[in-house]
Amino acid sequence: MTFLTYVISGISLGSVYAIIALGYTMVYGIAKMLNFAHGDVIMVGAYVCFFATSRFGLNPVIGVLLAMFVCTILGMVIERLAYKPLRQAPSLAVLITAIGISYFLQNAAQLLWTSNPKTYTSVVGNGALQLAGGQLPISYVTIVTIVACVAIMVGLTTFTSKTKMGKAMRACSEDKGAAQLMGINVNTTISVTFAIGSALAAIAGVLLCSAYPILTPTTGSMPGIKAFTAAVFGGIGSVPGAFLGGILLGIIEIFAKAYISTQLSDAIVFAVLIVVLLVKPTGLLGKPVSEKV
Amino acid sequence: MTMKIKKMSKYTRRNFITYVMLAILFVVVQALVSTGNVSSLIKGQLVPICAYVVMAISLNLTVGVLGELSLGHAGFMSVGAFSGVVMATCLQTVVPIAWLRLAIAIITGGVFAAMVGVIVGIPVLRLKGDYLAIVTLAFGEIIKSIINNLYIGLDSGGLHMSLLTDKLNLAEGGKTILGGPMGATGVSSISTFTMGMILIVVCLTVIFNLVNSKSGRAVMALRDNRIAAESVGINVTKYKLMAFVISASMAGMAGTLFAMNYSTVVASKFDFNTSILVLVFVVLGGLGNMRGSIIAAAALTILPELLRQFQDYRMLAYAIVLILVMLATNNPTLSAAFRRFFGSFRRKKPTSDAKGGAAQ
């Protein structure tokens, strides 16, 4: 039974990583940039929901929607002000700008909301579903997280394969120039990608803080790095890859904590990543890139 | 004098200017310190600045000259810092002269970091681009986790080590040097500004000579076009690994210098944020441009201190400055406007291409 409990909490943590990783992977796929500020958008989303529900007593659903709205706007503003002027610049310049944005968000959060940790009240209550005669409790947060992750995954796959905007995104990620020639508005497409990624980040932030209820201005950085790892693990740029990578990473992390060592769990997670990349250099579901000579 | 400088080759002249800049800086700072014109805040930053400058030029070797993005450079700094601290503590009574002990510790730090560099480099350098970057990040985090759980003690029987538990079985009178998450405590802080400057000059000389040697040209050929370089018989693994290991060992030496400046050092100081900080120095200074790295590292280490009057807003201001500088230097419209504005002062051709040209 303990084994099953670990599997379930692993999938739950993995679902959060997967939702964040989806944001990373979509932005990477289309803009070819590592958006290091993504982790901090998560933090902003969590704060917005925290204040909406705890301070103003709003309904948690409205709180989540508000967080998504704020993060969507934030993501689009960041893209417009900081990344769009650098569309033609070398990738390292964009990376450093993203780091600048990350510093900015962390410090702005510290000024606005102080660095005192906030104790998060879960948006779905603290109860648990008792299975197998009470031996296998599954908290509501876990259930909501897993359901949300699967729903987002299904929704995104349908969106990218069926809708016009989704097809435009895939076209842009393959070849921006050709997409533009076919009449796709590349700038709008990239902007929409950032909007979706940031809205997902808001959901991830709320779910993360519901499961691990301590919120500080740096809450987003480590899950951000882990989710980025998950995206690479599954093959960056691939939507199912981010999902698979996130879930696997979550399970590995919980197992490493449970069976090997709590302190070394991060090291083990990263060691598994290295081994996977050495065997399969483009990640689990990444397409092998052929080299032109 | 001016005639002589003009006769020198392009590279020699550039290197010469860098050395002269360092010498002037050293003399000015020494003069200011001895006359008491430097605030204690800045004075405390002198050794860290030197350490960051060495970190920046060493990362510039990896990113600018070798052309591979590394996000885990602080890991090597950490290895160097703690191996150096352990060595210095062991030699506490054997070598009473502080500067000699520091020098031995720095060399030890460099050697250990180089060994870790080989272990990390062999798998990492097989990957490409962003995948390579993420694996260096992973290695940096692994090194941090391990050192965070490593316990080292010293007694009459020699060194004792253990991972995860603090049961070192030390004999009577033994002392713990490295206490896991508590870090290394009771380090005798013997780092000096002079030693920092010597380290900078040594590392610079190594890099300048490397870049202008056959090996350095092979490394840069690999950066510019790996397939073409391979087809003319350049051994990819050998040269990539060589540059990477030299870079790692310099980071290790910088780590020792940095650690020996404080009485307490913890492994979590050398985390992802430190790696990123050094990367910011390198990119702002210009890829492959060593002088730029030195200036950027020094300026950006002092900047938060100078912004202290803005108190809580200083890191916010730092972030905004960083974003604006990146926008101003990399956006075609903005940088053209800047060039028009400053065009009357300097007539230098802009080098803003992706992989920064030859090392300067």
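Residues numbered from 1 in each chain as written. Chains lettered and ligands numbered in written order. Predicted model: local features only at pLDDT ≥ 70, side-chain atom pairs only at ≥ 80, totals over all residues. Heavy atoms only, no water.

### Quick word on the interface of chain B and chain A
Here is the rule we go by: The criterion used for residue contact is that any of the two residues' heavy atoms lie within 4.5 Å. Once two parts are joined, some of their accessible surface, as seen by a 1.4 Å probe, is lost; buried area is that loss totalled over both. A carboxyl oxygen of Asp or Glu within 4 Å of a side-chain nitrogen of Lys or Arg is what we treat as a salt bridge. We define a polar contact as two N or O atoms separated by no more than 3.5 Å, with the added condition that, inside protein, one atom must be a possible hydrogen donor and the other a possible acceptor, whereas residues neighbouring each other in sequence contribute only through side-chain atom pairs. Runs of E in the DSSP output that reach at least two residues are strands. Runs of H or I that reach at least four are helices, and both are numbered from the N terminus.
Residue-level contacts link 47 residues of chain B with 46 residues of chain A. It is Tyr131(B), Ile134(B) and Ile323(B) in chain B that bury the most area against chain A; as a group they hold 15% of the surface buried on that side. Counting the contacts that link chain B with chain A gives 0 salt bridges. Connecting chain B to chain A are 1 residue pair in polar contact (both at pLDDT 80 or more). No other element matches helix 6 (residues 129-148) of chain B, which puts 11 residues into the side of chain B that touches chain A.

### Topic: the confidence of the model for chain B
Residues and elements named next belong to chain B. The line we're drawing: Residue-level confidence of the predictor, termed pLDDT, takes values from 0 up to 100.
Chain-level pLDDT for chain B is 83 on average; 89% of the residues reach the 70-or-more range. Taken element by element, the predicted model of chain B shows its lowest mean pLDDT in helix 1 (residues 2-7) (58) and its highest in helix 10 (residues 236-259) (93). Low confidence marks residues 347-360, where pLDDT is under 50. Its contacts with residues over four positions away, or in another chain, come to 24 contacts.

### Overview of the packing of aromatic side chains
Residues and elements named next belong to chain B. Operational definition: Stacked, tilted and edge-to-face are the three classes applied to pairs of Phe, Tyr and Trp rings, where Trp contributes its six-membered ring and a pair requires centres within 6.5 Å; stacked means planes under 30 degrees apart, edge-to-face means over 60, and tilted covers the rest. Buried means the residue's accessible area, taken with a 1.4 Å probe over protein chains only, is under 20% of the maximum for its type, while exposed means over 50%, and partly exposed covers the values in between.
One pass over the structure, following the stated rule, counts 19 aromatic pairs over all chains. When the ring of Tyr52 is compared with that of Phe281, the centres are 5.9 Å apart and the planes differ by 75°; the resulting orientation is edge-to-face. In this pair, Tyr52 sits in helix 3 (residues 40-65) while Phe281 sits in helix 11 (residues 272-285), placing the two residues 229 residues apart along the sequence. Here Tyr52 and Phe281 have matching classes, each one buried. Arranged with centres 6.1 Å apart and planes meeting at 85°, the rings of Phe82 and Phe270 form a pair that is edge-to-face. Taken together, the residues Phe82 in helix 4 (residues 73-90) and Phe270 in the loop between helix 10 and helix 11 connect sequence positions 188 residues apart. Aromatic ring contacts, followed pair by pair, group Tyr52, Phe82, Phe258, Tyr262, Phe270 and Phe281 into a single cluster.

### Some points on the environment of Ala298(B)
Residues and elements named next belong to chain B. Relative to the assigned elements, Ala298 resides in helix 12 (residues 290-306). In the structure, Ala298 is positioned 24 residues away from Thr274 in sequence and 15 Å away in space, judged by C-alpha atoms. Setting aside residues no more than four positions away along its own chain, Ala298 makes contact with Ile49 and Val53.

### Here's the deal with the side chain of Thr25(A)
Residues and elements named next belong to chain A. Of note, Thr25 is situated in helix 1 (residues 2-31). Of the residues examined, Thr25 reaches a relative accessible area of 0% and is grouped as buried. Sequence-distant contacts of Thr25, that is, excluding residues within four places in its chain, are made with Ala231, Gly235, Ile236, Gly237, Ser238, Val239 and Ala242.

### Focus on the sheet that holds strand 1 (residues 150-155) of chain B
Residue and element names in this part refer to chain B. Selection criterion: Each pair of strands is called paired provided DSSP finds at least two bridges between the two strands. Axis lines are fitted through C-alpha atoms, for helices just across the contact stretch, and the angle between N-to-C directions can take any value from 0 to 180 degrees.
Here we have 3 strands laid out as an open sheet, ordered 2-1-3, and antiparallel in their pairing. Two strands close off the open sheet at either side, each with one partner strand: strand 2 (158-163) and strand 3 (175-179). Neighbour-to-neighbour, the strand axes of the sheet open up by a mean angle of 20°, direction not taken into account. Inspection of the sheet shows strand 1 paired to strand 3 by 4 bridges, in the antiparallel sense. Following the sheet pairing, Tyr151 is matched in strand 3 by Gly179. Contacting strand 1, strand 2 and strand 3, helix 4 runs over the sheet at an angle of about 170° to strand 3.

### Details of the domain arrangement of chain B
Residues and elements named next belong to chain B. As a reminder of what qualifies: As used throughout, domain bounds are those supplied by an automatic or database domain assignment. Just so you know the grouping, Ala, Val, Leu, Ile, Met, Phe, Trp, Tyr, Cys and Pro go in nonpolar, Asp, Glu, Lys and Arg go in charged, and all remaining residues, Gly too, go in polar.
Each assigned domain of chain B is listed with its residue range as follows: domain 1 (1-38) and domain 2 (39-342). The C-alpha-based centres of domain 1 and domain 2 are spaced at 24 Å. Listed per partner, the contact involves 14 residues of domain 1 and 17 residues of domain 2. Counting the surface domain 1 buries against domain 2, the share from its top three residues, Tyr19, Leu22 and Val38, is 37%. Seen at the junction of domain 1 and domain 2, the total is 0 salt bridges. Counting every contact that joins domain 1 to domain 2 gives 3 residue pairs in polar contact (both at pLDDT 80 or more). A breakdown of the residues in the side of domain 1 that touches domain 2 according to their chemical character gives 9 nonpolar, 4 polar and 1 charged.

### As for the pattern of salt bridges
Residues and elements named next belong to chain A. Enumeration according to the criterion identifies 8 salt bridges over all chains in this entry. With a shortest N-O distance of 3.4 Å, Glu253 and Lys226 are connected by a salt bridge. Remark: Lys226 occurs in helix 9 (residues 221-234) and Glu253 occurs in helix 10 (residues 239-260); sequence separation between them is 27 residues. Overall, the relative accessible area of 4% leaves Glu253 in the buried class.

### Notes on the packing of helix 1 of chain A against helix 5 (residues 140-162) of chain A
Residue and element names in this part refer to chain A. Threshold: Crossing handedness is read from the near helix: turned anticlockwise from the far helix by less than a right angle, it gives a left-handed crossing, and turned clockwise, a right-handed one.
Interhelical geometry of helix 1 versus helix 5 gives an angle of 35° and a closest axis separation of 9 Å. Crossing geometry of helix 1 relative to helix 5 is assigned as left-handed. Taken together, the residues of helix 5 that come into contact with helix 1 (itself represented by Ile8, Ile11, Ser12, Ser15, Val16, Ala18, Ile19, Leu22 and Met26) are Thr142, Thr145, Ile146, Cys149, Ile152 and Leu156. By residue class, the composition of the contact of helix 1 with helix 5 is 11 nonpolar, 4 polar and no charged.

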